[in-house]
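Structural characterization, general
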Amino acid sequence: MLRAMCLLRALRRRRWMKRPLPDAWRAILEQHVPFYGWIPEAKRPRFEGMVQAFAHEKHFIPAAGMEIDDTVRVVISACAVRLVLHRDLSYFNRLTEIVVYPYDYRHKDDDRRILGEAHHWGTVVLSWPAVIHGVGNPDDGHATAAHEFAHVLDRAGGAFDGTPVLDRFAAYAPWAEVMSDHFERLQRRGRKVRKVLRPYGATNEAEFFAVATESYFEKPRQMQEETPELYQEMQRFYGGDPAVTKLDADDRAAEDPWRDVGRNDPCPCGSGKKFKRCCGR
């Protein structure tokens, strides 16, 4: 039975990944997800397909009057897929539902403001304003959705301990050495590591991995320069090379005279057509 369910899930994912992304969804990515523009052209179809599969597979549950629309689904799905673009959606097999609040929430009898949580039983809870703020500020090393989805990847390894499932048994020793070393540096308030990681990463090993994930995708060049060993370990797990792809995207944006024109906006050339049907082609 379990094998049949896994095969059915894989089949459904494959079908969604083959479908073209709706124009409305692509417009959401272009408007709300800056890192969509950093994804190499060769990886765009895979990214878009994985976003569709994730968005249709997971249950998005509104809390406290939150409205779940396509923008919520697409933005949150993009944040999750970004982490496993060079891997596979199977890393999120344990994740079944995503609860979304319209504000930063609090637990009963606790005054702390909560931006997000990841639970053992396959649930992620997110504050929608925190998600939007994190995505909209792509260079500050603080991305709530990426942080919580990193916890999901961590839990796939058996526990919230800062060690996800690695490719090879031999990879665990160097991973433990590098992560432990930089975790201790952050706890000691080391100058270089503090340039890259938020102090919250010093809480425990699980939070260190989640914070390092945020910085790997948002501050890759700083991580590569200040903590190269940490960058290399994160790169071995996540794949890609954000220090390069983000720089290339920044260069392309600086050279692109149409960078502020939306796909469905009137083309600046005056043709009367939509940009995507004219110069944007």
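You'll find the structure just up there.
Okay, so let's go over this structure. Bear in mind that the values here come from a model prediction, so they are computed numbers and not experimental data.

The rules behind these values
- Residues numbered from 1 in each chain as written.
- Predicted model: local features only at pLDDT ≥ 70, side-chain atom pairs only at ≥ 80, totals over all residues.
- Heavy atoms only, no water.
- Helix = DSSP H or I, 4+ residues; strand = E, 2+ residues; numbered from the N terminus.
- Buried < 20%, exposed > 50% of the residue type's maximum accessible area, 1.4 Å probe, protein only.
- Contact = heavy atoms within 4.5 Å.
- Areas by Shrake-Rupley, 256 points an atom, 1.4 Å probe, with all protein chains shown as cover.
- Pairing = 2+ DSSP bridges.
- Right-handed = clockwise from strand over helix to strand, strands pointing away.
- Polar contact = N/O pair within 3.5 Å; in protein donor to acceptor, adjacent residues only side chain to side chain.
- Salt bridge = Lys/Arg side-chain N within 4 Å of Asp/Glu carboxyl O.
- Arc of directions from axis to C-beta.
- Axes fitted to C-alpha atoms, helices over the stretch in contact; angles between N-to-C directions.
- Parallel < 35°, antiparallel > 145°, perpendicular 65-115°, else oblique.
- Left-handed = near helix turned anticlockwise from the far one by under 90°.
- Nonpolar A, V, L, I, M, F, W, Y, C, P; charged D, E, K, R; others polar.
- Phe/Tyr/Trp six-rings, centres within 6.5 Å; stacked < 30°, edge-to-face > 60°.
- Lys NZ or Arg CZ within 6 Å of the ring centre and 35° of its normal.

1. Focus on the overall build of the protein chain
A tally of regular secondary structure across the protein chain gives 12 helices and 4 strands. Each of the 281 residues in the protein chain was classed as buried or not, and the buried ones make up 45%. The long-range share in the protein chain, meaning contacts at least 24 apart out of those at least 6 apart in sequence, stands at 63%. In the structure as shown, the protein chain presents an accessible area of about 14,600 Å², 50% of it carried by carbon and sulfur atoms.

2. Details of the pairing of strand β1 (residues 59–62)
Pairing between β1 and strand β2 (residues 97–101): 4 bridges, direction parallel. Pairing of Phe60 across the sheet is with Ile98, part of β2. Taking the sense of rotation as the criterion, the β-α-β connection linking β1, helix α4 (residues 70–84) and β2 turns out left-handed.

3. What to know about the environment of Trp121
Tracing the backbone through its elements, the reader meets Trp121 in the loop between β3 (116–118) and β4 (123–127). A residue is classified by how much of its surface remains accessible, and Trp121, at 61% relative accessible area, is exposed. Remark: the alpha-carbon pair of Trp121 and Arg94, spanning 27 residues in sequence, is separated by 7.7 Å. A polar atom in the side chain of Trp121 sits 3.3 Å from the side chain of Thr123.

4. Quick notes on the pairing of β2
As defined by bridge partners, β2 adjoins β4 across 5 bridges and the pair is classed as parallel. Residue pairing for β4: Val99 is matched across the bridge by Val125.

5. Quick notes on the pattern of salt bridges
Side chains that carry opposite charge are capable of pairing whenever their charged atoms lie near each other. For the structure on display, the rule yields 13 salt bridges. Here Arg44 and Glu41 are joined by a salt bridge, their closest N and O atoms 4.0 Å apart. Using a relative accessible area of 61% as the deciding quantity, one classes Glu41 as exposed. Bridged by salt links that share partners, the residues Arg13, Glu57 and Lys58 form one connected network.

6. Some details on helix α11 (residues 228–238)
Those residues of α11 lying buried are Leu230, Tyr231, Glu233, Met234, Phe237 and Tyr238. Here the buried residues of α11 occupy an arc of 165 degrees about the axis, which is enough to place them on one side. Note on α11: the residue one or two positions beyond its end, Gly239, has a positive phi of about 80 degrees.

7. With respect to the packing of α4 against helix α5 (residues 128–136)
When two helices pack together, their arrangement is captured by the angle between the axes and the distance separating the axes. For the pair α4 and α5, the least separation of the axes is 11 Å and the interaxial angle reads 55 degrees. By the angle class used here, α4 and α5 are oblique. Here the hand of the crossing between α4 and α5 comes out left-handed. Of α5, the residues touching α4 (which contributes Thr71, Val72, Val75, Ile76 and Cys79) are Trp128, Val131, Ile132 and Val135. Grouping the constituent residues of the contact of α4 with α5 by class yields 8 nonpolar, 1 polar and no charged.

8. So, the packing of aromatic side chains
If you walk through the whole model with that rule in mind, you get 18 aromatic pairs. Here Tyr101 and Tyr103 contribute two aromatic rings whose centre-to-centre distance is 6.1 Å and whose plane-to-plane angle is 50 degrees, an arrangement assigned as tilted. On the basis of an interplanar angle of 5 degrees and a centroid distance of 6.2 Å, the ring pair of Phe209 and Tyr238 is categorised as stacked. Taken as a pair, Phe209 in helix α9 (residues 205–218) and Tyr238 in helix α11 lie far apart in primary sequence, 29 residues in all. Of the two residues examined, Phe209 and Tyr238, each falls in the buried class. Three or more aromatic residues link up through ring pairs in this structure, and these residues are Tyr91, Trp175, Phe209, Tyr216, Phe217, Tyr231, Phe237 and Tyr238. Positioned over the ring face of Phe35 is Arg82, at 4.1 Å from the centre of the ring.

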